[in-house]
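Remarks on the overall topology
Each chain, written out:
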Amino acid sequence: MRREQTIGWAILGALSLGALLHIAASWAEGAEKGLAVHEWGTFTSVSGTDGELLEWRPLLGPDDLPGFIYGPNGSRGDLRKGRRGKLSRTATVRMETPVVYFYSDRAIDVSLRVEFPLGWITEWFPAADEIERGLDWVRVSVVPDTPNAFPREDAPSHYYPARETDAAPLRVGEESEKFLFYRGLGTFDLPLRVSLSDSKLTLRNQVRDPLAPVLVFENRGGRTGVRVIPKLEGQAIVDRPELTAGTDRVKAVLLGALVAHGLYKKEAAAMIRTWEDTWFEEGLRVFSIVPRTVTDDLLPLTISPRPTTLVRVLVSRIEVLAPELEAAVAQAIDKILDPERGEEGRRDLVGLGRFAEPILRRSLNESQDPAVRAILLAALYH
């Protein structure tokens, strides 16, 4: 038996009978009667080697959301992207692209309210009423078997792959879409804590519910590897992955895990397609499925009429700042301090990408050297 099959059976062995029955049923996309609601999304955070989540500005950097997406106070397009106060807000968690799908055997109007008590919802579509720390879609018309007339712009975007499912089209006022979309940022603890020492990761489950599975993924110079912990209830210490597995195997394991937790196969595939360029980029990161009880506490959801089935699958993605990355930042700073290599050092900092910012912030808090602090401030707020 191939190794990926072994991993897949190990994951299934950690699941309940009810979950296994749901997997079998889920291959018939949207087969349930009545109203079914499915949601997926990602909580992205950055962890130091000591396991502490670091503050960063999650909304800075490239933003490929279409211009029709809403922001605070009804802003859209360039106006939304130009709200520097929001973009510069620091947090420990970026809530990326939750989308909510509806399946129904008949046309029906529903209302949906989502709250984010420990954060801020910063973008959404279609139009919704802004409430304190949340959004309210007062009337969402679920209209199965109607022609698709969804907005689209020419520029590529992470937004569009989420439409590749069998969910019913929705209409909110004059706007149509395949799902309700929102995203935001906040500061709170995640169920999993990850620390790194001497090439060993300590994975600690901080909640009562088991985490099943937990995936440790690494891409170093284009070579990739994955280590799978089928079920984590307390604490496990594991080595960094051997860089011998291609991303196709990682995708297959993730797909199986997402389906096992209730998503339809097309939904799980759409989620992976949405984020495959960043989930599998250079770096060391740990994935886990957030227990439903935690999701409901972090993002209380109210739907009327009450759906027959409600599935919520949020993935925790923790970027682990490996010592090599911290060393690269320190080397770049040393170059900047050298008049003959300053420009090279500044290019090195830019090349480290958006996850270098948490290291710069921590270095700024720890350094007492005025020259180093000036470099760090310039890099953070250029």
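Going by the structure above, here's the rest.
Quick look at the structure, then. Keep in mind the model is a prediction, meaning the values are calculated, not measured. (Residues numbered from 1 in each chain as written. Predicted model: local features only at pLDDT ≥ 70, side-chain atom pairs only at ≥ 80, totals over all residues. Heavy atoms only, no water.)

Some details on the sheet that holds strand β14 (residues 235-239)
Here we have three strands laid out as an open sheet, ordered β10-β11-β14, and antiparallel in their pairing. Each having just a single partner strand, β10 (192-197) and β14 make up the two edges of the open sheet. Recorded for the sheet is a direction-independent mean angle of 20° between the axes of neighbouring strands. Sheet topology places β10 next to strand β11 (residues 200-205); six bridges connect them, and they run antiparallel. Each bridged residue has a counterpart across the sheet, and for L192 the counterpart in β11 is N205. (Pairing = 2+ DSSP bridges. Helix = DSSP H or I, 4+ residues; strand = E, 2+ residues; numbered from the N terminus. Axes fitted to C-alpha atoms, helices over the stretch in contact; angles between N-to-C directions.)

Concerning empty space enclosed by the protein
By the definition in use, this model includes one cavity of 30 Å³ or more. Approximately 30 Å³ is the volume attributed to the largest cavity. P213, L215, L254, A257, F287, S288 and I289 are the residues that line the largest cavity. Where the lining of the largest cavity is concerned, the elements lending two or more residues are α5 (247-260) and β15 (283-289). Among the elements that make up the lining of the largest cavity, the one with the highest residue count is β15 (three residues). Grouping the amino acids of the lining of the largest cavity by side-chain chemistry returns six nonpolar, one polar and no charged. (1 Å grid on protein atoms, 1.4 Å probe; cavity = no way out; pocket = protein on both sides within 12 Å on 5 of 7 lines; lining within 4 Å. Points joined across faces, edges and corners; volume = space filled by probe spheres on them. Nonpolar A, V, L, I, M, F, W, Y, C, P; charged D, E, K, R; others polar.)

Some points on the packing of aromatic side chains
Summed over all chains, the structure comprises 13 aromatic pairs. Judged by centre distance (5.6 Å) and plane angle (80°), the ring pair of F43 and F188 falls under edge-to-face. Placement of the pair is F43 in strand β1 (residues 35-47) and F188 in the loop between β9 (180-186) and β10, with a sequence separation of 145 residues. The class of F43 is buried, set by a relative accessible area of 0%. Classification of F188 as buried rests on a relative accessible area of 7%. On the numbers, 5.3 Å between centres and 55° between planes, the contact of W279 with F287 is tilted. (Phe/Tyr/Trp six-rings, centres within 6.5 Å; stacked < 30°, edge-to-face > 60°. Buried < 20%, exposed > 50% of the residue type's maximum accessible area, 1.4 Å probe, protein only.)

A short note on the sheet that holds strand β2 (residues 93-104)
Reading across from one edge, β4-β9-β2-β1-β17-β15-β12-β13 is the order of the eight strands in this open sheet, with mixed pairing throughout. The sheet terminates laterally at β4 (119-125) and β13 (223-229), the two strands that pair on one side only. On average, adjacent strands in this sheet sit at an angle of 20° to one another, irrespective of strand direction. In the sheet, β4 pairs with β9 via six bridges, with the strands oriented antiparallel. For I121, the partnering residue across the bridge sits in β9 and is G184. Along the sheet, α5 contacts β12 (214-220), β13, β15 and β17 (309-320); its crossing angle with β12, the most-contacted strand, is approximately 155°. (Contact = heavy atoms within 4.5 Å.)

A short note on unusual backbone geometry
With omega at -10°, the peptide bond leading from F125 into P126 counts as cis. Mapping P126 onto the fold places it in the loop between β4 and β5 (129-131). Looking along the chain, the bond that leaves S304 and enters P305 is cis, with omega of -5°. Position of P305 among the secondary structure elements: in the loop between β16 (301-304) and β17. Backbone geometry at T97 places phi at a positive 45°, although glycine is not the residue there. Relative to the helices and strands, T97 resides in strand β2.

Quick word on the side chain of T274
Here T274 shows up in helix α6 (residues 265-279). Side-chain polar atoms of T274 contact the backbone oxygen of A270, separated by 2.7 Å. Residues within four places of T274 in sequence aside, it is in contact with W40, H158, P161 and A162. (Polar contact = N/O pair within 3.5 Å; in protein donor to acceptor, adjacent residues only side chain to side chain.)

A word on α5
Within an α-helix, residues lying three or four positions from one another point in the same direction, as the helix has 3.6 residues per turn. Here α5 spans 20 Å end to end across 14 residues, near enough to the 20 Å set by a 1.5 Å rise per residue. Among the residues of α5, R249, V250, V253, L254, A257, L258, V259 and A260 are the ones counted as buried. Positive backbone phi, at 120°, marks G262, one or two positions downstream of α5. (Expected span 1.5 Å × (residues − 1).)

Everything listed here is a matter of coordinates, which is why it stays silent on function.
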